[in-house]
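Structural characterization, general
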Amino acid sequence: MKLYTPPADLLAAAAASPVVTEYLAWRRAGNVPTLLSIGADAKTSKGEGAGYLTAIIYLSPADAAARATGLPLKNLCPAASEGCRAACLAETSGRMVFAANVRARLYRTLLYMFEPEAFRAALRSELKAFIRKAERAGLKPVCRPNGGQDILWERVFPELFAEFPGVRFYDYTKILPSRYRRDLPENYHLTFSRAESNHLACLEFLAAGGNVAIVLDTAGAPLPETLEGFPVVAGDEDDVRLPERDGRGVWVALRPKGGVAARDTTGFVYRMSQGRRTTAVRILPTA
Ligand code: SF4
(Lines give C-alpha, C1' and ligand atoms only; values in the text may rest on other atoms or scores of the structure.)
Protein backbone atom coordinates (compact mmCIF):
# COMPACT_ATOMS: atom_id res chain seq x y z
CA MET A 1 0.00 0.00 0.00
CA LYS A 2 1.25 3.47 -0.87
CA LEU A 3 2.31 5.38 2.21
CA TYR A 4 0.35 8.53 2.95
CA THR A 5 2.54 11.65 3.05
CA PRO A 6 0.66 14.68 4.38
CA PRO A 7 1.52 18.02 2.80
CA ALA A 8 3.57 20.42 4.91
CA ASP A 9 0.78 22.98 5.26
CA LEU A 10 -1.56 20.32 6.61
CA LEU A 11 1.02 19.30 9.18
CA ALA A 12 1.46 22.94 10.18
CA ALA A 13 -2.33 23.39 10.44
CA ALA A 14 -2.62 20.24 12.55
CA ALA A 15 -0.07 21.66 14.97
CA ALA A 16 -2.35 24.65 15.51
CA SER A 17 -5.77 22.99 15.52
CA PRO A 18 -7.01 19.89 17.42
CA VAL A 19 -9.75 19.41 14.81
CA VAL A 20 -7.19 19.25 12.02
CA THR A 21 -5.07 16.88 14.13
CA GLU A 22 -8.05 14.51 14.29
CA TYR A 23 -8.53 14.80 10.54
CA LEU A 24 -4.87 14.06 9.93
CA ALA A 25 -5.00 10.94 12.11
CA TRP A 26 -8.06 9.83 10.17
CA ARG A 27 -6.28 10.37 6.86
CA ARG A 28 -3.18 8.54 8.11
CA ALA A 29 -5.41 5.55 8.81
CA GLY A 30 -6.07 5.40 5.07
CA ASN A 31 -9.43 7.16 4.95
CA VAL A 32 -10.63 9.48 2.19
CA PRO A 33 -13.89 11.41 2.57
CA THR A 34 -16.74 10.47 0.25
CA LEU A 35 -17.40 13.56 -1.84
CA LEU A 36 -20.68 12.91 -3.64
CA SER A 37 -24.09 12.69 -2.00
CA ILE A 38 -26.27 10.83 -4.52
CA GLY A 39 -30.05 11.11 -4.44
CA ALA A 40 -29.62 11.74 -0.75
CA ASP A 41 -32.61 13.98 -0.02
CA ALA A 42 -36.25 14.24 -0.97
CA LYS A 43 -35.68 16.99 -3.49
CA THR A 44 -32.96 15.21 -5.44
CA SER A 45 -34.94 11.95 -5.24
CA LYS A 46 -37.79 13.73 -6.99
CA GLY A 47 -35.42 14.39 -9.90
CA GLU A 48 -35.25 10.64 -10.47
CA GLY A 49 -38.93 10.69 -11.39
CA ALA A 50 -38.01 13.17 -14.12
CA GLY A 51 -35.18 10.94 -15.38
CA TYR A 52 -32.16 12.46 -13.57
CA LEU A 53 -29.76 11.07 -10.99
CA THR A 54 -28.27 13.91 -8.94
CA ALA A 55 -24.91 14.00 -7.18
CA ILE A 56 -24.03 16.93 -4.91
CA ILE A 57 -20.81 17.99 -3.19
CA TYR A 58 -21.44 19.53 0.21
CA LEU A 59 -18.49 21.36 1.76
CA SER A 60 -18.55 23.68 4.80
CA PRO A 61 -20.40 26.88 3.83
CA ALA A 62 -18.82 30.33 3.98
CA ASP A 63 -16.42 30.58 6.96
CA ALA A 64 -17.67 27.42 8.73
CA ALA A 65 -14.34 25.61 8.26
CA ALA A 66 -12.43 28.58 9.68
CA ARG A 67 -14.73 28.68 12.69
CA ALA A 68 -14.49 24.92 13.26
CA THR A 69 -10.70 24.82 13.12
CA GLY A 70 -9.78 28.24 14.47
CA LEU A 71 -7.56 28.71 11.41
CA PRO A 72 -7.69 31.56 8.87
CA LEU A 73 -9.13 29.33 6.14
CA LYS A 74 -10.67 30.66 2.95
CA ASN A 75 -14.33 31.70 2.96
CA LEU A 76 -16.00 29.39 0.45
CA CYS A 77 -18.94 31.74 -0.12
CA PRO A 78 -17.25 35.07 -0.95
CA ALA A 79 -20.52 36.74 -1.93
CA ALA A 80 -22.68 35.47 0.94
CA SER A 81 -24.99 38.03 2.54
CA GLU A 82 -26.01 38.40 6.16
CA GLY A 83 -29.45 37.01 5.31
CA CYS A 84 -28.29 33.95 3.40
CA ARG A 85 -25.72 33.09 6.06
CA ALA A 86 -28.45 33.09 8.69
CA ALA A 87 -30.79 31.02 6.53
CA CYS A 88 -28.22 28.76 4.86
CA LEU A 89 -29.94 25.43 4.24
CA ALA A 90 -26.56 23.80 3.71
CA GLU A 91 -25.94 24.27 7.41
CA THR A 92 -29.31 24.51 9.10
CA SER A 93 -31.78 22.19 7.40
CA GLY A 94 -32.82 18.62 8.27
CA ARG A 95 -29.95 16.18 8.57
CA MET A 96 -27.41 18.89 7.74
CA VAL A 97 -27.17 19.76 11.44
CA PHE A 98 -26.21 16.25 12.58
CA ALA A 99 -22.67 16.13 13.99
CA ALA A 100 -21.63 13.35 11.60
CA ASN A 101 -22.71 15.44 8.62
CA VAL A 102 -21.01 18.59 9.91
CA ARG A 103 -17.83 16.56 10.29
CA ALA A 104 -18.20 15.00 6.83
CA ARG A 105 -18.51 18.48 5.27
CA LEU A 106 -15.48 19.69 7.21
CA TYR A 107 -13.32 16.71 6.21
CA ARG A 108 -14.22 17.20 2.54
CA THR A 109 -13.36 20.87 2.92
CA LEU A 110 -9.99 20.08 4.49
CA LEU A 111 -9.26 17.66 1.65
CA TYR A 112 -10.20 20.37 -0.87
CA MET A 113 -8.07 23.02 0.84
CA PHE A 114 -4.99 21.06 1.89
CA GLU A 115 -4.88 18.17 -0.57
CA PRO A 116 -6.35 19.42 -3.85
CA GLU A 117 -4.80 16.64 -5.95
CA ALA A 118 -6.26 13.98 -3.68
CA PHE A 119 -9.62 15.80 -3.86
CA ARG A 120 -9.53 15.78 -7.67
CA ALA A 121 -8.55 12.12 -7.81
CA ALA A 122 -11.37 11.18 -5.44
CA LEU A 123 -13.88 13.24 -7.40
CA ARG A 124 -12.84 11.67 -10.71
CA SER A 125 -13.16 8.20 -9.25
CA GLU A 126 -16.57 8.90 -7.66
CA LEU A 127 -17.93 10.54 -10.80
CA LYS A 128 -17.01 7.49 -12.87
CA ALA A 129 -18.88 5.25 -10.43
CA PHE A 130 -21.78 7.73 -10.37
CA ILE A 131 -22.07 7.61 -14.18
CA ARG A 132 -22.15 3.81 -14.10
CA LYS A 133 -24.84 3.93 -11.44
CA ALA A 134 -26.93 6.35 -13.53
CA GLU A 135 -26.52 4.15 -16.61
CA ARG A 136 -27.66 1.07 -14.73
CA ALA A 137 -30.73 2.96 -13.55
CA GLY A 138 -31.46 4.42 -16.99
CA LEU A 139 -31.09 7.97 -15.62
CA LYS A 140 -29.16 11.02 -16.84
CA PRO A 141 -26.29 11.97 -14.51
CA VAL A 142 -26.37 15.56 -13.23
CA CYS A 143 -23.96 17.00 -10.68
CA ARG A 144 -24.14 20.08 -8.45
CA PRO A 145 -20.55 20.67 -7.30
CA ASN A 146 -21.57 23.52 -4.97
CA GLY A 147 -24.03 22.01 -2.51
CA GLY A 148 -23.22 24.50 0.25
CA GLN A 149 -20.34 26.60 -1.07
CA ASP A 150 -19.73 28.92 -3.98
CA ILE A 151 -16.51 27.80 -5.66
CA LEU A 152 -15.67 28.84 -9.22
CA TRP A 153 -15.08 25.32 -10.49
CA GLU A 154 -14.50 26.51 -14.03
CA ARG A 155 -11.35 28.19 -12.68
CA VAL A 156 -10.14 25.84 -9.96
CA PHE A 157 -10.84 22.57 -11.81
CA PRO A 158 -11.57 23.44 -15.47
CA GLU A 159 -10.64 19.97 -16.78
CA LEU A 160 -13.52 18.47 -14.83
CA PHE A 161 -16.08 19.53 -17.41
CA ALA A 162 -14.17 18.23 -20.43
CA GLU A 163 -13.33 14.97 -18.70
CA PHE A 164 -16.99 14.26 -18.02
CA PRO A 165 -18.86 15.55 -21.08
CA GLY A 166 -21.79 13.23 -20.40
CA VAL A 167 -22.50 14.84 -17.02
CA ARG A 168 -24.59 18.01 -16.85
CA PHE A 169 -23.16 20.20 -14.10
CA TYR A 170 -25.25 22.95 -12.53
CA ASP A 171 -25.05 25.25 -9.54
CA TYR A 172 -26.68 28.07 -7.68
CA THR A 173 -24.29 31.00 -7.22
CA LYS A 174 -24.22 34.43 -5.62
CA ILE A 175 -21.32 35.51 -7.81
CA LEU A 176 -23.01 37.29 -10.70
CA PRO A 177 -22.39 34.99 -13.71
CA SER A 178 -22.83 37.66 -16.38
CA ARG A 179 -19.98 39.67 -14.86
CA TYR A 180 -17.65 37.20 -13.19
CA ARG A 181 -18.42 33.75 -14.58
CA ARG A 182 -18.85 34.36 -18.27
CA ASP A 183 -16.68 31.67 -19.82
CA LEU A 184 -18.47 28.59 -18.62
CA PRO A 185 -18.05 25.12 -20.09
CA GLU A 186 -21.04 24.04 -22.19
CA ASN A 187 -22.07 21.40 -19.67
CA TYR A 188 -22.13 23.82 -16.69
CA HIS A 189 -25.24 25.92 -16.05
CA LEU A 190 -25.58 28.52 -13.30
CA THR A 191 -28.67 29.91 -11.61
CA PHE A 192 -27.96 33.21 -9.87
CA SER A 193 -29.15 33.25 -6.29
CA ARG A 194 -30.98 36.28 -4.92
CA ALA A 195 -30.17 37.80 -1.54
CA GLU A 196 -31.11 41.07 0.13
CA SER A 197 -27.86 42.57 -1.14
CA ASN A 198 -28.07 41.82 -4.87
CA HIS A 199 -31.65 42.44 -6.01
CA LEU A 200 -30.78 44.86 -8.80
CA ALA A 201 -28.11 42.49 -10.10
CA CYS A 202 -30.86 39.83 -10.25
CA LEU A 203 -32.99 42.04 -12.50
CA GLU A 204 -29.97 42.70 -14.69
CA PHE A 205 -29.29 38.96 -15.00
CA LEU A 206 -32.95 38.14 -15.72
CA ALA A 207 -33.07 40.78 -18.45
CA ALA A 208 -30.02 39.13 -20.03
CA GLY A 209 -31.84 35.75 -20.10
CA GLY A 210 -30.36 34.28 -16.92
CA ASN A 211 -32.33 32.47 -14.24
CA VAL A 212 -32.49 33.62 -10.63
CA ALA A 213 -33.41 31.56 -7.56
CA ILE A 214 -35.47 33.50 -5.04
CA VAL A 215 -36.78 32.58 -1.60
CA LEU A 216 -40.35 33.75 -1.96
CA ASP A 217 -42.89 33.99 0.83
CA THR A 218 -46.42 34.13 -0.59
CA ALA A 219 -48.03 33.70 2.84
CA GLY A 220 -49.80 30.55 1.68
CA ALA A 221 -51.02 31.92 -1.66
CA PRO A 222 -50.06 30.20 -4.95
CA LEU A 223 -46.91 31.38 -6.67
CA PRO A 224 -47.44 34.43 -8.88
CA GLU A 225 -47.09 33.95 -12.63
CA THR A 226 -44.70 36.89 -12.87
CA LEU A 227 -42.64 38.97 -10.49
CA GLU A 228 -41.28 42.40 -11.36
CA GLY A 229 -41.95 41.63 -15.02
CA PHE A 230 -40.29 38.20 -15.23
CA PRO A 231 -41.95 34.74 -15.24
CA VAL A 232 -41.89 32.65 -12.08
CA VAL A 233 -41.35 28.88 -12.11
CA ALA A 234 -41.53 26.55 -9.11
CA GLY A 235 -38.12 25.42 -7.85
CA ASP A 236 -39.15 23.04 -5.10
CA GLU A 237 -40.41 20.24 -7.35
CA ASP A 238 -36.90 18.91 -7.76
CA ASP A 239 -33.32 20.21 -7.79
CA VAL A 240 -32.57 19.85 -11.51
CA ARG A 241 -31.78 23.46 -12.45
CA LEU A 242 -31.28 23.15 -16.19
CA PRO A 243 -32.59 25.63 -18.76
CA GLU A 244 -34.45 22.97 -20.75
CA ARG A 245 -36.54 22.40 -17.62
CA ASP A 246 -36.76 25.87 -16.06
CA GLY A 247 -36.66 27.98 -19.23
CA ARG A 248 -34.58 31.16 -19.49
CA GLY A 249 -35.01 34.59 -17.97
CA VAL A 250 -37.14 33.24 -15.11
CA TRP A 251 -37.33 33.49 -11.34
CA VAL A 252 -36.98 30.05 -9.77
CA ALA A 253 -39.13 30.33 -6.65
CA LEU A 254 -38.17 28.45 -3.51
CA ARG A 255 -40.49 28.46 -0.51
CA PRO A 256 -38.86 29.48 2.79
CA LYS A 257 -38.20 26.41 4.93
CA GLY A 258 -37.43 25.66 8.56
CA GLY A 259 -38.81 28.91 10.00
CA VAL A 260 -36.57 31.00 7.76
CA ALA A 261 -39.37 33.40 6.80
CA ALA A 262 -40.28 34.05 10.44
CA ARG A 263 -36.67 34.68 11.44
CA ASP A 264 -35.49 36.73 8.48
CA THR A 265 -35.27 40.45 9.11
CA THR A 266 -32.76 41.25 6.38
CA GLY A 267 -34.89 41.08 3.23
CA PHE A 268 -33.30 37.78 2.14
CA VAL A 269 -36.84 36.36 1.97
CA TYR A 270 -38.88 38.24 -0.63
CA ARG A 271 -42.34 38.73 0.86
CA MET A 272 -45.18 39.14 -1.59
CA SER A 273 -47.22 40.80 1.14
CA GLN A 274 -44.68 43.52 1.88
CA GLY A 275 -42.82 43.90 -1.37
CA ARG A 276 -39.12 43.48 -1.48
CA ARG A 277 -36.65 45.04 0.85
CA THR A 278 -33.18 45.60 -0.52
CA THR A 279 -30.59 46.76 1.96
CA ALA A 280 -27.83 47.60 -0.47
CA VAL A 281 -26.73 47.06 -4.02
CA ARG A 282 -23.49 45.13 -3.81
CA ILE A 283 -22.18 43.83 -7.08
CA LEU A 284 -20.30 40.78 -6.14
CA PRO A 285 -16.57 40.36 -5.73
CA THR A 286 -14.65 37.63 -7.50
CA ALA A 287 -13.55 34.70 -5.39
S1 SF4 B 1 -23.90 31.58 -0.43
FE2 SF4 B 1 -25.31 29.80 -0.35
S3 SF4 B 1 -24.12 28.16 0.62
FE4 SF4 B 1 -23.05 30.10 1.03
S5 SF4 B 1 -23.82 30.81 3.02
FE6 SF4 B 1 -25.13 31.78 1.45
S7 SF4 B 1 -26.86 30.34 1.21
FE8 SF4 B 1 -25.22 29.21 2.27
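Before going into details, it helps to say that this report is about the structure given with it. (Residues numbered from 1 in each chain as written. Predicted model: local features only at pLDDT ≥ 70, side-chain atom pairs only at ≥ 80, totals over all residues.)

1. As for the environment of Gly39
Within the secondary structure layout, Gly39 lies in the loop between β1 (36-38) and α3 (42-49). Residue class for Gly39 comes out buried when judged on the 20 C-beta atoms lying within 10 Å of it. Considering only alpha carbons, one finds Gly39 and Met113, 74 residues apart in sequence, at a separation of 26 Å. Setting aside its immediate chain neighbours within four residues, Gly39 contacts Thr44, Ser45, Glu48, Leu53 and Thr54. (Helix = DSSP H or I, 4+ residues; strand = E, 2+ residues; numbered from the N terminus. Buried ≥ 20, exposed ≤ 12 C-beta atoms within 10 Å, placed from the backbone. Contact = placed C-beta atoms within 7 Å.)

2. Things to note about the nonpolar core
Core analysis: the biggest nonpolar cluster contains 68 residues, and Leu110, Phe205, Val212, Ile214, Val215, Val252 and Leu254 have the highest contact counts within it. Excluding anything up to four places from it in sequence, Phe205 contacts Leu176, Pro177, Ser178, Phe192, Gly210 and Val212. (Core = buried A, V, L, I, M, F, W, Y, C linked by C-beta atoms within 7 Å.)

3. Topic: the site of the ligand
Taken together, twelve residues surround the ligand, and among them Pro61, Cys77, Ala80, Cys84 and Cys88 come closest. Residue classes in the shell around the ligand are distributed as seven nonpolar, two polar and three charged. (Near = placed C-beta within 6 Å. Nonpolar A, V, L, I, M, F, W, Y, C, P; charged D, E, K, R; others polar.)

4. Examining helix α12 (residues 199-207)
Of the residues making up α12, those classed as buried are His199, Ala201, Cys202, Phe205 and Leu206. Down the axis of α12, the buried set is contained in an arc of 155 degrees. They therefore lie on one face. Where α12 is buried, its residues contact α11 (177-180), β5 (188-193), β6 (212-217) and β8 (230-234). Just downstream of α12 lies Gly209, where phi reads positive at about 95 degrees. (Arc of directions from axis to C-beta.)

5. Overview of the pairing of strand β2 (residues 52-57)
Within β2, six of the six residues are buried, which leaves it mostly tucked inside the rest of the structure. Side chains of β2 alternate between two faces, with Tyr52, Thr54 and Ile56 and Leu53, Ala55 and Ile57 buried alike. The pairing of β1 with β2 spans three bridges and is classified as antiparallel. The residue bridging Ile38 from the neighbouring strand is Ala55, located in β2. (Pairing = 2+ DSSP bridges.)

6. Remarks on unusual backbone geometry
Phi is positive for Ala62, close to 50 degrees, though the residue is something other than glycine. Of the residues examined, Ala62 has 21 C-beta atoms within 10 Å and is grouped as buried. Not every positive phi belongs to a glycine, and Glu228 is a case in point at roughly 50 degrees. The residue Glu228 is located in the loop between β7 (226-227) and β8 in this model. Classification of Glu228 by C-beta neighbours within 10 Å gives partly exposed; the count is 15.

Any functional reading would require information that these geometric values do not contain.
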